[in-house]
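# What the coordinates show
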Amino acid sequence: ERAIGYTFSERALLSQALSHRSVGRHNNERLEFLGDSILNHLVAEHLYGAFPRAREGTLSRMRAELVKGETLASVARELELGEYLALGPGELKSGGHRRDSILADSLEALAGAILVDGGIDACRRFVLQVLNDRLQALQDVDLDKDPKTRLQEYLQARGLPLPEYQLLD
């Protein structure tokens, strides 16, 4: 609990969040469902406030990058969630505690469990804490420049020729 920055009132929720479906009936699938939605919501809420001039498409791409399985699995690895997962014998043998999909699902389930246990504010603190470095990296994105301008600046900075544009009928 120290690693995630949250102490559960109902410890059974933490245990359930870290229990893969291969262990049986008391698994994290329902919490994963809830966690998936709350992660999307909280990341969208943060991006909306942090980037007031960004357009919907830009915000959607940023959110998708932050909540995709690969990113969530990476965060789960940083939190060492794989070490605490309860897995059935087959998943245990096949290295399920290292599999991206299982790690990402467990992070979503953990967010869902925190939501159920501590409410939206506790869940928001957790999500913003674990995604902090990635959210900070987004601050460097120059949203005022269109893709054509960014491409030209990229090429010029590397001493490469500019693209030639043609209008298509």
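Look a little higher up for the structure.
A brief look at the structure comes next. From a predicted model like this one, the values you see are computed outputs, not experimental measurements.

By the definition in use, this model includes one cavity of 30 Å³ or more. If you add up the space inside the largest cavity, you get close to 60 Å³. Every residue along the wall of the largest cavity is listed here: His20, Arg21, Asn28, Glu29, Glu32, Leu85, Ile102, Asp105 and Ser106. Breaking the lining of the largest cavity down by element, the ones donating at least two residues are helix H2 (29-50) and helix H6 (100-118). Ranked by the residues each element gives to the lining of the largest cavity, the list is headed by H6, at three residues. Classifying every residue of the lining of the largest cavity by side-chain character gives two nonpolar, three polar and four charged.

Another aspect to go through is the layout of surface pockets. Its volume calculated, the second largest pocket comes out at about 220 Å³. Together, Glu1, Arg2, Ala3, Ile4, Arg11, Leu14, Leu18, Leu79, Glu80, Leu81, Tyr84 and Leu110 line the second largest pocket.

Let us look at helix H4 (residues 69-78). Listed as buried for H4 are Thr71, Leu72, Ala73, Val75 and Ala76. If you follow the buried residues of H4, they end up packed against H2, helix H3 (56-67), H6, helix H7 (120-130) and helix H8 (132-138). Phi turns positive, to about 60°, at Glu80, one or two residues after H4.

About the cut-offs
- Residues numbered from 1 in each chain as written.
- Predicted model: local features only at pLDDT ≥ 70, side-chain atom pairs only at ≥ 80, totals over all residues.
- Heavy atoms only, no water.
- 1 Å grid on protein atoms, 1.4 Å probe; cavity = no way out; pocket = protein on both sides within 12 Å on 5 of 7 lines; lining within 4 Å.
- Points joined across faces, edges and corners; volume = space filled by probe spheres on them.
- Helix = DSSP H or I, 4+ residues; strand = E, 2+ residues; numbered from the N terminus.
- Nonpolar A, V, L, I, M, F, W, Y, C, P; charged D, E, K, R; others polar.
- Buried < 20%, exposed > 50% of the residue type's maximum accessible area, 1.4 Å probe, protein only.
- Contact = heavy atoms within 4.5 Å.

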